[in-house]
Amino acid sequence: MRRASTAGAALMLCAATAGLLSAQGRPAQPESPRFASWDEMNVLAHGLLQLGHGLREHVERTRGQLGALERRLGTCGAACQGSGGTVAPPQASESPLPGGEAAPEILRSLQTQLKAQNSKIEQLFHKVAQQQRHLEKQHLRIQNLQSQVGLLTPVHLHNGLAKSATRKRLPKMAQPVDPAQNASRPHNGGWTVIQRRQDGSVDFDRPWEAYKAGFGDPHGEFWLGLEKVHSIMGDRSSRLAVHLQDWDGNAESLQFPVHLGGEDTAYSLQLTAPVASKLGATAVTPSGLSLPFSTWDQDHDLRGDLNCAKSLTGGWWFGTCSHSNLNGQYFHSIPRQRRQRKKGIFWKTWRGRYYPLQATTMLIRPAGAEAAS
């Protein structure tokens, strides 16, 4: 059954590849270059994932078989030895061992070879697992690109990033209301508090399911939860407000339009090109930037060689690990070592990459909520 599924995935991949190349192979009138459709890209990505899963299962099965054979050989070696380490003489009906070698020597040689093969399989297993993670990331990026294309409508989100009020607090946000009710209804002109950091009383280095459901104390430090945030924002464009504070009492407030995808997109945060550029992102396309949410056990960032959540701590829309992380480790004083400071709460375009902030607050407001309130 497993071999059939692997073979099927290979045939699917070959068929998809052949379909992509057929336009170049057939004689026809010259025409403009053709890009692969989304369906074709999905077929390719799915085929690669199936091949990765099949190869991984094959490696695991082969490793198990070799382990069982090694145990049987070990048992046989113990049984073949007589008292005092002597070997029982072969019966008349048995063929003599080649070259007159003793059975224990042959068994030890076989066991050594098996261990060497098992080590090679172990290395192959790790390589397959690594390639599978890369394939899953590529598949997720394809889905994110599809979501971005779907968002390309004539409606422009207020022409990019709203002007930030430097060292000023957001109106109606200086004294937020009781956040315990945030999950049920918005407050303060339609704004809902979704995150707060202020004293390090809550551990933010948590797995995917915790960030999905939410955690912390609504009266202090907390994370509302990705699923709740998505349900509030829905499929509408919304605005995200970020309030930052450093250790000298300075404050910075930002507002910008965003769109949050569902769990099938790893709760990707969609930013317009002007917003992404102003926030310090690199390699921004004209259609904008899509940032999947990542945790240490669900690696969806845009770095193929690094797990940003493991390197920096916390869960966040990391991108390439360098633009911001408001869910990082809380420091009560600024560490001297740079490798420690990079794990803290930071916003690169304000106080820099290696300055851990003292306090942050994040708020969201769906489009039209202000008029409704």
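For the structure, check the block above.
The paragraphs below set out a description of the structure included in this document.

Definitions and limits used
- Residues numbered from 1 in each chain as written.
- Predicted model: local features only at pLDDT ≥ 70, side-chain atom pairs only at ≥ 80, totals over all residues.
- Heavy atoms only, no water.
- 1 Å grid on protein atoms, 1.4 Å probe; cavity = no way out; pocket = protein on both sides within 12 Å on 5 of 7 lines; lining within 4 Å.
- Points joined across faces, edges and corners; volume = space filled by probe spheres on them.
- Helix = DSSP H or I, 4+ residues; strand = E, 2+ residues; numbered from the N terminus.
- Nonpolar A, V, L, I, M, F, W, Y, C, P; charged D, E, K, R; others polar.
- Contact = heavy atoms within 4.5 Å.
- Buried < 20%, exposed > 50% of the residue type's maximum accessible area, 1.4 Å probe, protein only.
- Arc of directions from axis to C-beta.

### Examining empty space enclosed by the protein
For the coordinates displayed, the defined rule picks out two cavities of 30 Å³ or more. In this structure, the largest cavity occupies an estimated 150 Å³ of space. Taken together, 16 residues make up the lining of the largest cavity; nearest its centre are Leu269, Leu279, Leu291, His323 and Ser324. Breaking the lining of the largest cavity down by element, the ones donating at least two residues are strand 5 (238–245), strand 7 (269–271) and strand 8 (289–291). Among the residues forming the lining of the largest cavity, the class breakdown is 14 nonpolar, two polar and no charged. Taken as a whole, the second largest cavity holds about 70 Å³ of empty space. Together, Ile194, Trp223, Leu226, Val229, Met233, Leu240, Val258, Leu260, Leu269, Trp317 and Ile364 line the second largest cavity. Of all elements in the fold, only helix 5 (226–233) and strand 6 (251–260) reach the threshold of two or more residues within the lining of the second largest cavity.

### Comments concerning the environment of lysine 115
Position of lysine 115 among the secondary structure elements: in helix 3 (residues 103–150). Taking C-alpha positions, lysine 115 is 8.3 Å from glutamate 70, a pair spaced 45 residues apart along the chain.

### Description of the side chain of threonine 313
Mapped onto the fold, threonine 313 is located in the loop between helix 7 (308–312) and strand 9 (324–325). Setting aside chain neighbours within four positions, we find threonine 313 in contact with Asp205, Cys308, Phe318, Asn325, Asn327, Gly328, Gln329 and Lys343.

### Observations concerning helix 5
Those residues of helix 5 lying buried are Leu226, Val229, His230, Ile232 and Met233. Down the axis of helix 5, the buried side of the element spans an arc of 160 degrees, and every buried residue falls inside it. Against the buried residues of helix 5 lie strand 2 (192–197), helix 4 (208–213), strand 4 (222–223), strand 5, strand 6 and strand 11 (359–366). Once helix 5 ends, the next one or two residues include glycine 234, with phi positive near 60 degrees.

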